[in-house]
Amino acid sequence: MPTRFLALSVVAAFGVLMGSAQEATAQDVDPQKAAACMQAVDGANYEQVLAACPEVLEVLPEDHPYYAHWAQTVNYAYSLQCQPAFEAQQWDSVIAYCQMAVEANPGAFIMNYFLGVAHQTKEDWANTAVNFTAFLDGVRGNSEAASQLSDQVATAQRSGGIAYARAGAMQDAIPLLQAAGRANGTDVEVHYRLAVALLSTGDSAGAERAFSVVIDNAPNPIASVLFLAGQLNYNAGDYAKADTRLTAYLANAGGDRGVPDAHFMLAQALQGSDEDRAVTHYQGFLSGSAAGDPRIVDANFALGTIFYNRDDCGNAETHYQTFMELAPDHANAAQVTEILASIAEGGCEGG
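Residues numbered from 1 in each chain as written. Predicted model: local features only at pLDDT ≥ 70, side-chain atom pairs only at ≥ 80, totals over all residues. Heavy atoms only, no water.

(A) Structural view of the overall build of the protein chain. Within the protein chain, the secondary structure is distributed over 20 helices and 0 strands. Computed over C-alpha atoms, the radius of gyration of the protein chain comes to 35 Å, more than 25% over the 20 Å expected from 2.2 N^0.38 for 351 residues, which places it beyond the range of a compact globule. Reported as C-alpha extents along the three principal axes, the dimensions of the protein chain are approximately 120 × 40 × 30 Å. Each of the 351 residues in the protein chain was classed as buried or not, and the buried ones make up 43%. A sequence separation of at least 24 residues applies to 46% of the contacts in the protein chain between residues at least 6 apart. Accessible surface computed for the protein chain: about 18,000 Å², of which carbon and sulfur atoms make up 49%. Computing the positive centroid from 15 side-chain charges and the negative centroid from 40, the protein chain places the two 6 Å apart. (Helix = DSSP H or I, 4+ residues; strand = E, 2+ residues; numbered from the N terminus. Rg over C-alpha atoms; globule rule 2.2 N^0.38 Å. Buried < 20%, exposed > 50% of the residue type's maximum accessible area, 1.4 Å probe, protein only. Contact = heavy atoms within 4.5 Å. Areas by Shrake-Rupley, 256 points an atom, 1.4 Å probe, with all protein chains shown as cover. Lys, Arg positive; Asp, Glu negative; His and termini not counted. Charge placed at Lys NZ, Arg CZ, Asp CG, Glu CD.)

(B) Region of the structure containing the side chain of Arg-245. Locating Arg-245 in the fold gives a position in helix α15 (residues 239-252). Arg-245 sits in the buried class, given a relative accessible area of 8%. Apart from the residues lying within four places of it in its own chain, the contact partners of Arg-245 are Glu-208, Ser-212, Ile-215, Leu-226, Ala-229, Gly-230 and Asn-233.

(C) The arrangement of the environment of Ala-146 in detail. Examined against the element boundaries, Ala-146 turns out to sit in helix α9 (residues 143-148). On the basis of relative accessibility, which here comes to 31%, the residue Ala-146 falls in the partly exposed class. Along the chain, Ala-146 and Leu-136 lie 10 residues apart, while their C-alpha atoms are 9.0 Å from each other.

(D) Expanded view of the packing of aromatic side chains. A complete count under the given rule lists 14 aromatic pairs for this structure. Note on Phe-109 and Phe-135: the rings are 6.1 Å apart at their centroids and 50° apart in plane angle, and the pair reads as tilted. Linking Phe-109 in the loop between α6 (91-104) and α7 (110-121) with Phe-135 in helix α8 (residues 125-139), this pair joins segments that are 26 residues apart in sequence. Pairing Tyr-113 with Phe-135 gives two aromatic rings, centres 5.3 Å apart and planes at 55°, and the pair type is tilted. Taken together, the residues Tyr-113 in helix α7 and Phe-135 in helix α8 connect sequence positions 22 residues apart. Both residues of the pair, Tyr-113 and Phe-135, belong to the buried class. Among the aromatic residues, those joined into a ring-pair cluster are Phe-86, Trp-91, Phe-109, Tyr-113, Phe-114, Phe-132 and Phe-135. Note that Arg-295 overlies the ring of Phe-264, its terminal NZ or CZ placed 5.2 Å from the centroid. (Phe/Tyr/Trp six-rings, centres within 6.5 Å; stacked < 30°, edge-to-face > 60°. Lys NZ or Arg CZ within 6 Å of the ring centre and 35° of its normal.)

(E) Local environment of the packing of helix α19 (residues 313-326) against helix α20 (residues 333-346). Their axes nearest at 10 Å, the elements α19 and α20 cross at an angle of 145°. With respect to the hand of their crossing, α19 and α20 are arranged in left-handed fashion. Along the contact surface, α19 presents Cys-313, Ala-316, Glu-317, Tyr-320, Gln-321, Phe-323 and Met-324, while α20 presents Ala-333, Val-336, Thr-337, Ile-339, Leu-340 and Ile-343. Of the residues in the contact of α19 with α20, the class split is 10 nonpolar, 2 polar and 1 charged. (Axes fitted to C-alpha atoms, helices over the stretch in contact; angles between N-to-C directions. Left-handed = near helix turned anticlockwise from the far one by under 90°. Nonpolar A, V, L, I, M, F, W, Y, C, P; charged D, E, K, R; others polar.)

(F) Structural view of the packing of helix α14 (residues 223-235) against helix α16 (residues 259-270). Two elements in contact, α14 and α16, have axes whose closest approach is 11 Å; the angle formed by their N-to-C orientations is 30°. Viewed along their axes, α14 and α16 adopt a mutual orientation that is roughly parallel. As α14 runs across α16, the sense of the crossing is left-handed. Touching Phe-227, Gln-231 and Tyr-234 of α14 are Asp-261, Ala-262, Met-265, Gln-268 and Ala-269, all from α16. Across the contact of α14 with α16, the residue classes break down as 5 nonpolar, 2 polar and 1 charged. (Parallel < 35°, antiparallel > 145°, perpendicular 65-115°, else oblique.)

(G) A look at the layout of surface pockets. Of the pockets and cavities examined, the largest pocket occupies roughly 170 Å³. Contributing to the lining of the largest pocket are Pro-54, Leu-57, Glu-58, Ala-71, Val-74, Asn-75, Tyr-78, Met-100, Glu-103 and Ala-104. Taken together, the elements giving at least two residues each to the lining of the largest pocket come down to α4 (46-59), α5 (67-87) and α6. Among the elements that make up the lining of the largest pocket, the one with the highest residue count is α5 (4 residues). Residues of the lining of the largest pocket, tallied by class, amount to 7 nonpolar, 1 polar and 2 charged. (1 Å grid on protein atoms, 1.4 Å probe; cavity = no way out; pocket = protein on both sides within 12 Å on 5 of 7 lines; lining within 4 Å. Points joined across faces, edges and corners; volume = space filled by probe spheres on them.)

Quick look at the structure:
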């Protein structure tokens, strides 16, 4: 009976407070639920606080005498539940408790770290990035916290940058990935995602440097990285490095759709320095290119010219004729017409 008496007393006490000036605005509050909240708060039973009080606070007027104290207690209860849930890897509870706790106390930035980890496990990349960034913002300018939480800072930079990249927010990803890259100069995933992010912003030189780290540190060749890096080298006119990377790409590409592109770039890069390999790559391009690719015209013209200069009339004629069939109005068409006529009359004189 003592428990029953206490409950009735609490209900009565709350009923008194509901009177007078508060009556009109607090009339939707269930006295029994309010009593349960009051008991939980007074008894510091924080699990029960979370079970009983939030529903009451939704309808209790903010100017009610108990509102501020109960709200503060609820927020404190959420904060008490946040870290244990994180340590137990109860990710749904982390998201529920820590989100409420950090909203109530934005200065408790460590809770943003807990939330970042929780969202990461659920592959919610947008929220992962937002919470890790909020954690880093809280640490920034606080040298003591930065020193004590150095491992968490490193994780937040790396995971936050990757999360932004996976969410497609490349501009936001770059500074975090750069920081993570400085912290670990051999982290393959960080530098790969940094390269892709920089490439999306037009920073080809920065992307090439990041791809170089991936190439130098990946345990096995990554065909797509070799291709992209080689393409950047080719576009920059660094044909020696383009040769190395695109050749390595072809050795690892299998049936990748970039194979014809790599052959064409290598053919163009080698035409002035290694004609035999240039021929091989032009032929590789032609054997794998899709019908209608405008580069087919250029490849046939180049091969026709190489073979003509070698006095290989048969191959020169074959490629020049294909060139004329595909591009009769090309700027080089008149020249090729004369060469074909000379071949028909007396053979090759190009050499």
